Structure formats: structure tokens, C-alpha cells
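# Structural characterization, general
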Amino acid sequence: MRGKRLIFHNWLAENGTGRRGYDAGDGRRSEDENRRLQHIRDAVRRAVDCLPLEYRELVVRYHFMGESYQDIAARSGRKSYKLAAMHRRAFRRLRKLLALLVVEQYSISPPSTGCCPVCTSPRRRDADRLIAQRDPAATWRPIIAALRRRFEIKVRSPQVLIGHEKYHMSQKGDHSGK
Ligand SMILES: [Zn+2]
């Protein structure tokens, strides 16, 4: 890991899906590295398996299968705010279950829970989509309001989102992240 930072949500999806290419681009992985990745993936799956059924389903559908939040809400017949609360609880558990692994594997402190309200939200994917669609000429105000209303993400100031967009979102695809 180069930057000593993990976006928990991305990390979870990468390791939970078991899809190859955790370090895509580097085809020549050593035995040791492969074993290490397998160890991480097993631990992630075990942690997810430890969740109560409905939490597990939510995490698997949203993060591993890429289903939309609306779909899950419709299918489960749950009110969306209940789903959101469940999602937060599921994440809190996963962070705890995986904290030791993260420390041991990356020698960094466990995923922070207090830094960026967007990165730490279980709805991060939807939030990023919303942020990416923003009209760059407009103010952040409507985005801040929408994040709160739709995803229960409380952002105190536009600076938080400016920083998030600049430093946290660039890693996902080409956002011409400079
Ligand atoms: Zn962020």
C-alpha cells in the first residue's frame, strides 16, 4: 500500500467480492503476496458472514453486487430510513470485526470513523455519484442539503466536500483527479 490510507468502503468491496485484481496492473505477484491477499479476503468474508442476516444481505447486495439502495428498499419492504440505520450499524460492526486485521496487515490505525463524513458513510457510493453530477458553477449548498436529506450525511462546511472531491474521489476512475 502506498498511501497509508484505506477507504474502508472500497477496500471492503474489493476484498469481499473476491474478484481478482486487488492490485490490478501488477501481474507479477509473489506467492507471499497472494497468500496475504487470500488471508485478507477470507477475513473479510468471515466478518461479513458474522453479521446478522439482514445486515449481511444489505452489505452483500449494495457493496458486492452493486444493487441500488432503492432496489434494496423496495425489495425488502423496509422504510429507507430504517435501512440507513441498519446500514450504519452493519458498518460499525464490520469496522470492529476487521480493525485488528487492518492494523496487522497495513500497520495503520483502523479505518477512521471521524474524518470525512462522506467517506465513512455506508452510502458513500451514492453520495459520490451525487457529488460527481454537481454543476461546478453552482454552490455546494444544494449538495450539502441533499446529502443530509437523502443519505443522512452531515457536512458542516463546503470545505469538507471540496477536500473529499479533490483527495478522496480521484482514486475511483478518471475524474481527471489532479
Ligand atoms: Zn472523503
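The shown structure was predicted, so the numbers you read here are calculated from the model rather than taken from an experiment.

### A closer look at the coordination of the zinc ion
At the metal site, the zinc ion is ligated by Cys116 (SG), Cys119 (SG), His164 (ND1) and His168 (ND1), and these contacts range over 1.9 to 2.3 Å. For the zinc ion, the 4 donor atoms in the first shell make angles of 98 to 118° at the metal, a pattern classed as tetrahedral. In the primary structure, the donors to the zinc ion are separated according to the pattern C-x2-C-x44-H-x3-H. Residue Cys119 is located in the loop between α5 (80-106) and α6 (124-132), and its partner His164 is located in helix α8 (residues 158-168); the two are separated by 45 residues in the primary sequence. Classification of Cys119 by relative accessible area gives buried; the value is 9%. Taking relative accessible area as the criterion, His164 reaches 0% and is therefore assigned buried.

### Some remarks on a positive patch on the surface
Residues Arg89, Arg92, Arg93 and Lys96 make up a contiguous surface patch of positive charge. By secondary structure assignment, the location of Lys96 is in helix α5. Since its relative accessible area comes to 68%, Lys96 is described here as exposed.

### A look at the environment of Glu14
Following the sequence through the fold, Glu14 ends up in helix α1 (residues 8-16). Each C-alpha atom, one on Glu14 and one on Arg41, is 8.6 Å from the other, the two residues being 27 residues apart in sequence.

### With respect to the packing of α1 against helix α3 (residues 53-64)
Put simply, α1 and α3 touch, their axes get as near as 10 Å, and they point 95° apart. Between α1 and α3, the interaxial angle falls into the category roughly perpendicular. Contacts between α1 and α3 pair His9, Leu12, Ala13 and Gly16 from the former with Val59, His63 and Phe64 from the latter.

Criteria and thresholds
- Residues numbered from 1 in each chain as written.
- Predicted model: local features only at pLDDT ≥ 70, side-chain atom pairs only at ≥ 80, totals over all residues.
- Heavy atoms only, no water.
- Donors = N, O, S within 2.8 Å, 3.2 Å for Na, K, Ca; no water.
- Tetrahedral: all angles 85-135°; square planar, octahedral: opposite > 155°, others 65-115°.
- Helix = DSSP H or I, 4+ residues; strand = E, 2+ residues; numbered from the N terminus.
- Buried < 20%, exposed > 50% of the residue type's maximum accessible area, 1.4 Å probe, protein only.
- Patch = residues over 30% accessible without salt bridge, like charges linked within 9 Å, V, L, I, M, F, W, Y side chains within 5 Å.
- Areas by Shrake-Rupley, 256 points an atom, 1.4 Å probe, with all protein chains shown as cover.
- Salt bridge = Lys/Arg side-chain N within 4 Å of Asp/Glu carboxyl O.
- Lys, Arg positive; Asp, Glu negative; His and termini not counted.
- Charge placed at Lys NZ, Arg CZ, Asp CG, Glu CD.
- Axes fitted to C-alpha atoms, helices over the stretch in contact; angles between N-to-C directions.
- Parallel < 35°, antiparallel > 145°, perpendicular 65-115°, else oblique.
- Contact = heavy atoms within 4.5 Å.

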